[in-house]
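Here is what each chain is made of, one letter per residue.
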Amino acid sequence: METKPIQIRDVPVDALDVMRVRAAAEGMSLAAYLRRMVIEAAAQPTVAEVLARAAQRPAAGLTMADIVAATRAGRGE
């Protein structure tokens, strides 16, 4: 995996102190802790990304009436 250095400016001191404490609690350097956070955040799709992918999928061919009927049949109604 190719990596690139980044720099984050204007981080509030209080927030930075919290991140340092959390990193220490995990036995990690601040840089390693923040790197892990960035990688984990990038791995989680946003709601907009999930919806965009769902919109690209072919339609199931079912109507809401079909779904309601199947649900009721499954319940024995």
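For clarity, every value in this text was computed on a predicted model and none was experimentally measured.

1. Considerations on the packing of helix α1 (residues 13–25) against helix α2 (residues 30–43)
- Where α1 meets α2, the closest approach of the two axes is 9 Å, and the angle between their N-to-C directions is 95°. The orientation of α1 relative to α2 falls into the category roughly perpendicular. Between α1, through Leu16, Met19, Arg20, Arg22 and Ala23, and α2, the contact on the second element is made entirely by Leu30, Tyr33, Leu34 and Met37.
- Of the residues in the contact of α1 with α2, the class split is seven nonpolar, no polar and two charged.

2. Focus on unusual backbone geometry
- Even without being a glycine, Asp10 presents a positive backbone phi close to 60°.
- Here Asp10 shows up in the segment before α1.

3. Describing a nonpolar patch on the surface
- A contiguous nonpolar patch, built from Ile6, Ile8, Val11 and Val38 and spanning about 400 Å² of accessible area, is present on the exposed surface.
- Looking at the element boundaries, Val38 is found in helix α2.

What counts and how
The numbers attached to residues start from 1 for each chain and follow its sequence in the written order. Only residues with pLDDT of at least 70 get local features here, since the model is predicted, and only at 80 or more are side-chain atom pairs given and counted; chain-wide, interface and lining totals rely on the full set of residues. To get the side-chain values, take all heavy atoms of the structure and skip hydrogens and water. Only the contacting stretch of a helix is used when fitting its axis, a line to C-alpha atoms as for every element, and angles between N-to-C directions run 0 to 180 degrees. Here a strand is any run of E in DSSP of at least two residues, a helix any run of H or I of at least four, and the numbering for each starts at the N terminus. If an angle is under 35 degrees, it is roughly parallel; if it is over 145, roughly antiparallel; if it lies from 65 to 115, roughly perpendicular; otherwise it is oblique. Two residues form a contact once any of their heavy atoms are found within 4.5 Å. Each residue is assigned to one of three groups, with Ala, Val, Leu, Ile, Met, Phe, Trp, Tyr, Cys and Pro labelled nonpolar, Asp, Glu, Lys and Arg labelled charged, and all others, Gly among them, labelled polar. Patch construction takes residues with relative accessible area above 30% that form no salt bridge. Like charges are linked within 9 Å, and nonpolar side chains (Val, Leu, Ile, Met, Phe, Trp, Tyr) are linked within 5 Å. Shrake-Rupley sampling with a 1.4 Å probe provides the accessible areas, and residues are treated as covered by the protein chains on show and by no other component. Every case where a carboxyl oxygen of Asp or Glu lies within 4 Å of a side-chain nitrogen of Lys or Arg is listed as a salt bridge.

So far we have only geometry, and geometry alone does not tell us how the molecule works.
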